[in-house]
Each structure stands twice: as structure tokens, then as C-alpha cells.
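Residue-level structure breakdown
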2 protein chains.
Amino acid sequence: MTKVSPLAPKTIAALPPIAGVRLATHACGIRYQGRDDLMVAELAAGTAVAGVFTRSLTASAPVLWCRQAVKGGSARLLVVNSGNANAFTGAAGIASVRRTVDTAAKLARCRAEEVFIASTGTIGVPLDDAKITATLATVLAGLSADHWAAASRAIMTTDTYPKTATRTAVIHGVTVRINGFCKGAGMIAPDMATMLAYIFTDAALPAPVLQTLLRKGADKSFNAITVDSDTSTSDSLVLFATGKAGNRPVADVDDKALKDFRRALYDLLLDLALQVVKDGEGASKFVRVNVTGAASRRAARRIAFAIANSPLVKTAVAGEDANWGRIVMAVGKAGEKADRDHLAICIGGVLVAKDGEMVPAYDEAPVTAHMKGTDVVFDVDVGVGRGKATVWTCDLTHDYIDINGSYRT
Amino acid sequence: MTKVSPLAPKTIAALPPIAGVRLATHACGIRYQGRDDLMVAELAAGTAVAGVFTRSLTASAPVLWCRQAVKGGSARLLVVNSGNANAFTGAAGIASVRRTVDTAAKLARCRAEEVFIASTGTIGVPLDDAKITATLATVLAGLSADHWAAASRAIMTTDTYPKTATRTAVIHGVTVRINGFCKGAGMIAPDMATMLAYIFTDAALPAPVLQTLLRKGADKSFNAITVDSDTSTSDSLVLFATGKAGNRPVADVDDKALKDFRRALYDLLLDLALQVVKDGEGASKFVRVNVTGAASRRAARRIAFAIANSPLVKTAVAGEDANWGRIVMAVGKAGEKADRDHLAICIGGVLVAKDGEMVPAYDEAPVTAHMKGTDVVFDVDVGVGRGKATVWTCDLTHDYIDINGSYRT
């Protein structure tokens, strides 16, 4: 499976340098041959950090480490390997993280809690961390401000293209930069785990402000996408702020001075999240589900996810079938308040059902044409309140079965 | 798609007569040509009734009717059509139910609330009830105690075989009989809705006792199966007791006199429910998920469903891949308490993971052989308590995509 997703962006964003960030990659041979599988980012002294991690109760050893480390609010090094997730590896996995972190901290002359770590790849196989620790000194010697493209590729597993985005924003009259890259193609790929996303900015912002921004931004981006409803044991989204742009720091997350930065950050997070959906395993259609009229935002979100995760809705999209009956079914199963007799559904902007019935003579031609395109939009109003939410997903195709069934011979 | 599911039972149970029950079928041409699409069951005066219906908030018009009617506890007629679900048909659907029920009640000389009704088939298309009401008198003239096979076939939609079961039990020294038949292949099939199940017994039991038995029995059978996690707008499970066996009635559901009847009823319900799973759209493997060691029965159930509904677990089964990493992932996403470091997983009875790690040198040969069979068993102990639950499902295959994608040309 090396063909690039048909939904891939036409161009991959080139990432400019960010003051205070240097990157390096290396081929450690953890699992893949002939490609880099280790990515290291060095952060300048004084870098603040925030993170959002999987809520899975069977989270990987690196996630357990990072959940604790992020509380310190300070970062100097990020070490990520692909090929092995170090998940469900028991005490050996915890020890492996500890050895890697200690080696990295010693080399970078920082505290262990300033080292962030992630692993993505096979679950349940012990990670041979010696392959990482033995080469770390050499890798650090190769750090450069320009290795963004290589870094975004080194963390890939089943991804068919690297996912990158960059933005600028102004804080107190100073222009700051934000770069991000991520990987992920299913919530968990064949024997592989994970969505990993790393965001870097030269803005000077304290960790608590970053944490609030990141959590809210994640809710509107990475937490609003679904490929197959499955949740990885390793999902990690980490934001580093080096402070090198020299803006006057903002201590209050509600300060108006953050308005432009917030916009840019959220926009970048959504850009990256949608790139993950567009690389969804087997995806041939990109689907946006807008739910309005729900009892609350939370209710709207649950209804939108019920639609986006429904195998019957997803297979209908794959079959280019404007099957609004399945949307009705998904609304019904979401368990949130909905008024059957005021439900309204638009497909590609055309009202196909309203007041609990099919619109008798809706024009099928534009609906059929819309379903044949690669971008499908469902607008669903459930008729009970003002709550709304948007969720993005992809269709469920034969390729998903091929990729994940790995039919053994 | 007319090939019979590879998981279908070798033989279809022939149902004997039940005193107080007469059946008839008819070809009304609602949607299908050349086959019966109407099934009517006449129940003797004094028949008690209980019912469990879909919790969908977009339930069909017939379900709305039956939810009310069942409160009366008394039944004289059951009228079921296939080909059209009368779901999401607004006020027209409600009126259609009313006309059918009124016509049926007049012909059977009973109260409208003693007429039970169901429709299964296309969603969102008005049901031409005149096709039913115009022929009802003729159909009733053909009632017979022997039409069980025809009745079980008349309600089929995308089912590849009729689903029947029969049992006997003893109440206070009197042998009573229980027959059941049902239909269903996805929670909702292509444009089709539904699981419908009808149980008939000659036992003399009051409606409140039947209702408690049916609800508990449903929890261990129809509510413990999943094909694709989607919920129909029309699911109905109805139990009729004619009282013709002449047993001394039992007024208390906890009376020991009900022990054998309860066993027989639950066994029959599970038999029918598993036949639905084995006809799951595209199913090539039958999967039993046993969860133990959970904080409660409810928690165990949620974890078992998280595993059974995971597209990644289901595609792994289709691919005959003993991918226990995906089971770990599904446990993690269920949101219920689990101890990562005490998690144990058996595949086909072989312990493949325990104490949060892969069992280093487990014998792969029997596991591989087990995955190649049609009956797959996962035992998962989550290591925190004594709650347990079993859920049954099938795999996710290319045929599911074909059946539900209905790729338009």
C-alpha cells in the first residue's frame, strides 16, 4: 500500500525555521529498513510546553511518561520513534522509556521531566531502546533548524503523505510563527498505533496559557475527526513555545492580545487534523457533518459522531448513495434529544428531508452530482435547540478492509 | 445477493402448532414481487402480551403504536409487512398505522389496542396501506395452525434464511410450548430497517410476568448481539401467551414454578438472536466475546461491545489475524475501569497476553488454527472486579461493503 490517498493535498507545506527549534532524524532500523525512524527536536532553554494525550485506559508507556512530564510546563527535547509503539509492553516498556529519557536528559543537560517522548508502530512488542540510546549522541550532533521535511516523514507509519502546516500571528505587535506536523491514518493502523502531532512556535507564552489554548483547539480539530471510531493507545498532541520571538508574554488566556494567535493556532490544528482524515485508511471521500438544532453543543457533537461513525452511513458515502434514511437512523441511535417530526437533512446543500418526511419532489440531480464528488457535506438539524457541532470523517471502503484485514495466506 | 450465509444453521427448525395461534401470509406486492410480504397471526381471546422495542428516538410509526398498545397487556392480532418500514413517514405514517389497526380490529372483532403491527423495509417512503387493508379479510379467511414456515419467510428482507426455534417447558406439571421466529441481518439493512422477533406460547401467564421475563431475556440475547453497531428504527420483540396449555397461572415472576419456562424462553431467545448474528451482512465468522473481571456487569458489557463493534477487531477477524493488540485498544477506548497491567486475553482458549504483556512463547499453532475456523472466541479479563458479560458479533468483510455500499453505476 504505497499509493498516496486520492484526498491528499495538492502540495505539502514547506515549514520555515522557528527560532529556538532544531531538528534531526536518523535511521535506527527499529522496524523499517531504508528510511529514518527517529525524530529528535531540541528546544531552547525556557521553552514552555502543553500537551493533550489519549484518554485510553490502556495508554502506552510513553504517554504515561508525558502525562506526568507536561505538568512541569518546561521542555528541552522531543524524541519520537516509528516502527514500535511501546504499548502493552508492561514493566519492560516503562523501563525502556526511563532509559531513553535519562540518556536524552544527560546528553541535553536538562532534567528528565523536560524530555518528551513518543513511539508509534507495532503494539505489544518490546522496544529495543538501545537502538535509540546508542545513536542519540550522534543524532544530536546533526541538529539543524532546517530539517522539518525529514522530521515530518520520520514519524510516519501507514500515512501515505507527510502532514505539515505553518501560520503566522501577531502578539502585541510582534509577528510570531507556528509550525506543525503530524501523523495518523486510522485511529490505530494495522498493528500500528496512533495519531501524533507536534506544534512549535517562537511565541513567548506561559505553559498554563498554552495548555488552555491547546485543549480548546484540540476540541475543534483533532477531537472532532474520526476515521473508524477506534481510539489509539498513543495519541499525543504537544505544543512547544520557545519564546524567541520576543513578544511581551500574555499571562491571561482571555487577554485580547491572544486573539490573532488563537485564530492562527486553531486554524493550523484544524488544517493538520483534516489532513489526517484525508489520509484515512482506504478513504475515497471526505465528509463534513454539521449538526444544528441540538439541545446543547455536547448533544450536537454526539449526534454528529453517531452519523460520522455509522458503518451504514460510511458505506453509503462510499457507494455515492444519498441515503438520508441512514442519517435518520444514526440520529435516532445517538441517544440525544431530537424531534423526529422536525428533523431536516440537507445533502450538498439540497434539502432532502424536513418535518419528519422526505421532501416530496427534491431535485435529485445536484444531490447525485454532489455524492459523486470527493467532498461530501451533510447538514442535519434535529429541531430541538441551539446546540451545534461539526465533525469530519471519511467513507468506509474495500481498501479499509484490505488494509486492516491483512488477509493471511 | 441470494447466497445463504456460510454461518447459517444446517437445518431450519420446523415449528409445531401452538394452541390458540393461527397464521396466514399473503403476497400484497408492497415492494417485492412473487413472494409473500404480509404475515398475520391471530391470537385466541385471553392472550397476554409483552414487548420490547427499539430505544431509537427516530422510531417508526408502528413502533410508536406498539409501545402504547403493549401497556394494555392483551393481544388478538399481529399484522406485519415487509418491503416498507413506514419509518420517517411523518403524519402519513401515523395515519397509515391507524387505518390498518382499525380495519384489523373490526375484522377480528377486538379493540384496536389488541392489534400489534410492524413494518420492515424501505425507510422514508409512504406505505400504501390500502394494499394491506383491502386484502385483510381474505387473508384472515386463510388462517391455519400450520403456517409457521410461510410466516417466518414472509417477514424476511435481506435475510438469507428464515430464523426459527421451538422449545418446551413444564409449569406446575403441565408441558407448555414456545415457538419463535425472527428476521434481521444488519441492525439496518440497505434502505431496510430492522430486527423483528415474535414469540408465541400456550402457557398461561399474566402480562406483567411476561414483560419482566422478556426484558431480562432480551438483555441476554437480542441486546447482547451486534452486527455493525447501528440501531434500527423498528426493532421489535413481542411475546404472546395464549394460556391454552391450561397450566395454573403464576402471578409472581420470582415463583420457582417459572424456573423451567424461564430457562426454555431464554434459550430460545438466544438461539434466535444468534441466528441473526450468523446472518449478519457479509459475515464469514461468528465471534463470541467474553469479558470478565470488570467493575460491574454493565462495565463488562460496555467493554465487550467496544471490542465487538471495533472495525479494527472485526477486520482482523475477517483476515484471520490473531491481533490481540486491537483488543487491548478496544478495552482502552471503552471508558470503563480496566487494569492495563493485569489485562489477560485468550484467543480460542489460548492465553496470548497477561499482566499487560504478550505471553512470550505462547503456542501460535492452535491460535492460528482457531482464527481459520468459523467460530472465534475471545476471553478478556480486565483485572479489576467480578463483573462479566458475553456479546456476540460477526466479522467485517468486503461483502458488508458490497451489500451496504450498493455502488451506483
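It should be emphasised that the depicted structure is a prediction, and the values quoted were computed from it without experimental measurement.

Some details on unusual backbone geometry
Phi is mostly negative for residues that are not glycine, and the peptide bonds are mostly trans. You will see that R109 of chain A, though not glycine, has its phi angle at about 50°, which is positive. Relative to the elements of secondary structure, R109 of chain A occurs in the loop between α2 (90-108) and β5 (115-122).

Details of the pairing of strand β6 (residues 163-171) of chain A
Residue and element names in this part refer to chain A. Here β6 pairs with strand β7 (residues 174-183) via 9 bridges, running antiparallel. Bridge pairing in β7 places R167 opposite I178. The hairpin formed by β6 and β7 contains 2 residues between the paired strands, and H172 there has a positive phi angle of roughly 50°.

Section: the environment of A203 of chain A
Residues and elements named next belong to chain A. Within the secondary structure layout, A203 lies in the loop between β8 (196-201) and α6 (207-219). Sequence separation between A203 and R298 is 95 residues; the distance between their C-alpha atoms is 32 Å. Residues in contact with A203, not counting those within four places in the same chain, are I171, V176, A241, T242, G243, A245, N247 and F261.

Considering the pairing of strand β11 (residues 286-294) of chain B
Residues and elements named next belong to chain B. β11 sits mainly inside the fold: 7 of its 9 residues count as buried. Here β11 pairs with strand β15 (residues 375-381) via 7 bridges, running parallel. Paired with R288 across the bridge in β15 is V377. Here 7 bridges tie β11 to strand β16 (residues 387-394), and the two strands are oriented antiparallel to one another. The residue bridging V289 from the neighbouring strand is V391, located in β16.

Some points on helix α10 (residues 324-333) of chain A
Residues and elements named next belong to chain A. For α10, the buried fraction is high: 9 of the 10 residues fall into the buried class. Of the positions making up α10, those classed as buried are W324, G325, R326, I327, V328, M329, A330, V331 and G332. Positioned one or two residues after α10, G335 has a phi angle of 80°, which is positive.

Structural notes on the state of the cysteines
Tallying each qualifying case throughout the model produces 0 disulfides over all chains. In this structure C182 of chain A is a free cysteine whose sulfur lies 14 Å from that of C394 of chain A, the closest cysteine sulfur available.

As for the interface of chain A and chain B
Listed by partner, the interface residues are 62 residues for chain A and 62 residues for chain B. For the pair chain A and chain B, the number of links is 0 salt bridges. Linking chain A with chain B are 13 residue pairs in polar contact (both at pLDDT 80 or more), by the criterion used here. Every element with two or more residues in the side of chain A that touches chain B is listed here: α1 (61-69), α2, α9 (311-318), α10, β14 (357-358) and α12 (398-405) of chain A.

Considering the confidence of the model for chain A
Caution applies to low-pLDDT parts of the model: their predicted coordinates are not meant to be read in detail. Residues and elements named next belong to chain A. Per-residue confidence for chain A gives a mean pLDDT of 92, with 96% of residues at or over 70. Under a pLDDT of 50 for its full length, residues 188-193 has, in the predicted model, 36 contacts with residues more than four places off or in other chains. Here the complex is predicted with pTM 0.87, and the ipTM for its interfaces comes to 0.81.

Considerations on the sheet that holds strand β3 (residues 48-53) of chain B
Residues and elements named next belong to chain B. Spatial ordering of the open sheet is given by β3-β10-β8-β7-β6, a layout of 5 strands whose pairing is mixed. With one partner strand each, in any of the chains shown, β3 and β6 (163-171) form the two edges of the open sheet. Across the sheet, the mean angle from the axis of one strand to that of its neighbour is 15°, orientation sign disregarded. Sheet analysis places β3 next to strand β10 (residues 236-241), joined by 6 bridges and oriented antiparallel. By the bridge assignment, A48 is partnered in β10 with A241. In the packing of helix α7 (residues 259-278) onto the sheet, the strands contacted are β6, β7 (174-183), β8 (196-201) and β10, and the crossing angle to β6 comes to about 175°.

Some thoughts on the nonpolar core
Core analysis: the largest hydrophobic core is formed by 94 residues, its most contacted members being I307 and F378 of chain A together with I307 and F378 of chain B. In contact with F378 of chain B, not counting residues within four places along its chain, are V287, R288, V289, N290, V313, V317, I327, C346, I347 and M371 of chain B.

A word on the relation of the copies chain A and chain B
Superposing chain A onto chain B takes a rotation of 180° combined with a translation of 0.0 Å along the rotation axis, leaving an RMSD of 0.0 Å. When the rotation and shift are considered jointly, the pair of chain copies conforms to a two-fold rotation axis. Ranked by how close their C-alpha atoms come to the rotation axis, the residues of chain A are headed by H398 of chain A, at 3.0 Å. Take the interface residues of chain A: 98% of them recur as interface residues in chain B, which is what a same-surface contact looks like.

A word on the packing of aromatic side chains
The tally for this structure, following the rule as stated, stands at 14 aromatic pairs over all chains. When the ring of F200 of chain B is compared with that of F240 of chain B, the centres are 5.3 Å apart and the planes differ by 20°; the resulting orientation is stacked. On the criterion of sequence distance, the pair formed by F200 of chain B in strand β8 and F240 of chain B in strand β10 is long-range, its members being 40 residues apart. Of the two residues examined, F200 of chain B and F240 of chain B, each falls in the buried class. Three or more aromatic residues joined by ring pairs form one cluster here, namely F116, W148, F181, Y198, F200 and F240 of chain A. Sitting over the ring of Y161 of chain B, K163 of chain B keeps its end group 4.4 Å from the ring centre. Over the face of the ring belonging to F286 of chain B we find K278 of chain B, whose NZ or CZ atom lies 4.6 Å from the ring centre.

Thoughts on empty space enclosed by the protein
In the structure shown here, the tally under the stated rule is 5 cavities of 30 Å³ or more. In this model, the largest cavity occupies a volume close to 70 Å³. Here the residues of the lining of the largest cavity are counted per class, giving 5 nonpolar, 1 polar and 4 charged.

Some details on helix α11 (residues 364-372) of chain B
All names here are of chain B. Burial in α11 covers these residues: V367, H370 and M371. On an axial view of α11, the arc spanned by its buried residues comes to 95°, and they lie on one face. Residues of α11 that are exposed and point more than 90 degrees away from the buried face comprise A365 and A369. On its buried face, α11 is in contact with α9 (311-318), β12 (344-347), β13 (350-354) and β15. Two or three places before A365, at the opening of α11, D363 has a side-chain oxygen 3.3 Å from that residue's backbone nitrogen.

Rules used throughout
- Residues numbered from 1 in each chain as written.
- Chains lettered and ligands numbered in written order.
- Predicted model: local features only at pLDDT ≥ 70, side-chain atom pairs only at ≥ 80, totals over all residues.
- Heavy atoms only, no water.
- Helix = DSSP H or I, 4+ residues; strand = E, 2+ residues; numbered from the N terminus.
- Pairing = 2+ DSSP bridges.
- Contact = heavy atoms within 4.5 Å.
- Buried < 20%, exposed > 50% of the residue type's maximum accessible area, 1.4 Å probe, protein only.
- Disulfide = S-S within 2.5 Å.
- Salt bridge = Lys/Arg side-chain N within 4 Å of Asp/Glu carboxyl O.
- Polar contact = N/O pair within 3.5 Å; in protein donor to acceptor, adjacent residues only side chain to side chain.
- pLDDT = per-residue confidence, 0-100.
- Axes fitted to C-alpha atoms, helices over the stretch in contact; angles between N-to-C directions.
- Core = buried A, V, L, I, M, F, W, Y, C linked by side-chain atoms within 4.5 Å.
- Least-squares fit on C-alpha atoms with pLDDT ≥ 70 in both.
- Phe/Tyr/Trp six-rings, centres within 6.5 Å; stacked < 30°, edge-to-face > 60°.
- Lys NZ or Arg CZ within 6 Å of the ring centre and 35° of its normal.
- 1 Å grid on protein atoms, 1.4 Å probe; cavity = no way out; pocket = protein on both sides within 12 Å on 5 of 7 lines; lining within 4 Å.
- Points joined across faces, edges and corners; volume = space filled by probe spheres on them.
- Nonpolar A, V, L, I, M, F, W, Y, C, P; charged D, E, K, R; others polar.
- Arc of directions from axis to C-beta.

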